[in-house]
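Residue-level listing of the chains:
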Amino acid sequence: VSLDVAFFPSYLFGSPDNLENYDGDVDFEVMAEFTKTKLAPKCSYSHPELCDLEQKTLLDGYIAMPLAELKAIIDEKDGELKRMQDEFVEYVDATQEKFSQLAIAGTNAENGMELSNEESKEL
């Protein structure tokens, strides 16, 4: 496992297979509040006693589910996430392209050059 440690001291927290960097202040009050809110055990398979009724019902349903069905649900959600990420990248690319066209149009206008009707429609 590679840890992304850029300086010392580095404070890492979370699951050992998914550690996160702590970027907050290091004075006592701030870190004490952080430990109470972020590091306290939460509803999970390991701590079902911390779940409310709705969470416990959901957790029990997943625990009782056959592994193949659970894997199918995870694969479906992974597919949805990939689709959403791809759509986001396409949107960002299109927005950047539009921005570049507008920047060029603005530069051309500043230099006294006009866009053709076809170019104007594209913007």
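Residues numbered from 1 in each chain as written. Predicted model: local features only at pLDDT ≥ 70, side-chain atom pairs only at ≥ 80, totals over all residues. Heavy atoms only, no water.

J.: Just checking my understanding: could you explain the overall build of the chain for this structure?
T.: The helix and strand inventory of the chain stands at four helices and two strands. Secondary structure elements of the chain, listed N to C terminal, follow the sequence β-β-α-α-α-α. Counting all 123 residues of the chain, 7% fall into the buried class. Taking the intrachain contacts of the chain between residues at least 6 apart in sequence as the baseline, contacts between residues at least 24 apart amount to 7%. Entry remark: accessible area of the chain is about 10,600 Å², with carbon and sulfur atoms responsible for 59%. (Helix = DSSP H or I, 4+ residues; strand = E, 2+ residues; numbered from the N terminus. Buried < 20%, exposed > 50% of the residue type's maximum accessible area, 1.4 Å probe, protein only. Contact = heavy atoms within 4.5 Å. Areas by Shrake-Rupley, 256 points an atom, 1.4 Å probe, with all protein chains shown as cover.)

J.: So what exactly am I meant to see when it comes to the confidence of the model for the chain here?
T.: As a general rule, the predicted coordinates of low-pLDDT regions are not to be interpreted in detail. In the predicted model, the chain carries a mean pLDDT of 84, and 82% of its residues have values of at least 70. Of all helices and strands in the chain, the one with the weakest mean pLDDT is helix 4 (residues 117–122) (56), whereas helix 2 (residues 53–64) scores best (94). (pLDDT = per-residue confidence, 0-100.)

J.: Even after reading the chapter, I still don't get helix 2, so can you show me in this structure?
T.: Count 3.6 residues to each turn of an α-helix, and residues three or four apart come out pointing the same way. Relative to the 16 Å expected for 12 residues at 1.5 Å per residue, helix 2 spans 16 Å between its end C-alpha atoms, a close match to the ideal helical length. If you check the start of helix 2, you find a side-chain oxygen 3.1 Å away from the backbone N of Glu-54, and it comes from Asp-52. (Expected span 1.5 Å × (residues − 1). Polar contact = N/O pair within 3.5 Å; in protein donor to acceptor, adjacent residues only side chain to side chain.)

J.: How should the environment of Tyr-45 be read in this particular structure?
T.: With respect to the helices and strands, Tyr-45 occurs in the loop between helix 1 (28–38) and helix 2. Tyr-45 sits 11 residues away from Lys-56 along the chain, and the two C-alpha atoms are 9.3 Å apart. If we ignore the near neighbours within four places in the chain, the residues touching Tyr-45 are Leu-59 and Ile-63.

J.: What is the right way to read the state of the cysteines from this model?
T.: As used here, a disulfide is simply a covalent bond connecting the sulfur atoms of two cysteines. The tally for this structure, following the rule as stated, stands at one disulfide. Here Cys-43 engages in a disulfide with Cys-51; their sulfurs sit 2.0 Å apart. What sets the handedness of the Cys-43 and Cys-51 disulfide is the S-S torsion sign, and at about 90° it is right-handed. Note on Cys-51: relative accessible area 13%, which makes it buried. (Disulfide = S-S within 2.5 Å.)

J.: Quick question: what am I supposed to make of the packing of aromatic side chains here?
T.: Each pair of aromatic rings is reported with the distance of its centres and the angle of its planes. Following the criterion strictly, the structure yields three aromatic pairs and no others. Between Phe-13 and Phe-34 the ring centres are 5.0 Å apart and the planes differ by 85°, which places this aromatic pair in the edge-to-face class. With Phe-13 in strand 1 (residues 12–13) and Phe-34 in helix 1, this residue pair connects regions lying 21 residues apart in the sequence. (Phe/Tyr/Trp six-rings, centres within 6.5 Å; stacked < 30°, edge-to-face > 60°.)

J.: Please explain the pattern of salt bridges as it appears in this structure.
T.: Any two side chains of opposite charge can pair, so long as their charged atoms come close to each other. Following the criterion strictly, the structure yields five salt bridges and no others. Put simply, Asp-86 and Lys-82 hold a salt bridge, and the shortest N to O gap is 3.1 Å. Here the residue Asp-86 and the residue Lys-82 both occupy positions in helix 3 (residues 67–110), the gap between them amounting to four residues, near one helical turn. Assessed through its relative accessible area of 48%, Lys-82 is described here as partly exposed. Ionic pairing is found between Arg-83 and Glu-87, a salt bridge with its closest N-O pair at 3.0 Å. Within this pair, Arg-83 and its partner Glu-87 are both found in helix 3, separated by four residues, close to a single helical turn. (Salt bridge = Lys/Arg side-chain N within 4 Å of Asp/Glu carboxyl O.)

J.: Can you walk me through the environment of Gly-14 in this structure?
T.: By the secondary structure assignment, Gly-14 is in the loop between strand 1 and strand 2 (20–21). By relative accessible area, Gly-14 is classed as partly exposed at 48%. For Gly-14 and Leu-39, which are 25 residues apart along the polypeptide, the C-alpha to C-alpha distance reads 7.5 Å.

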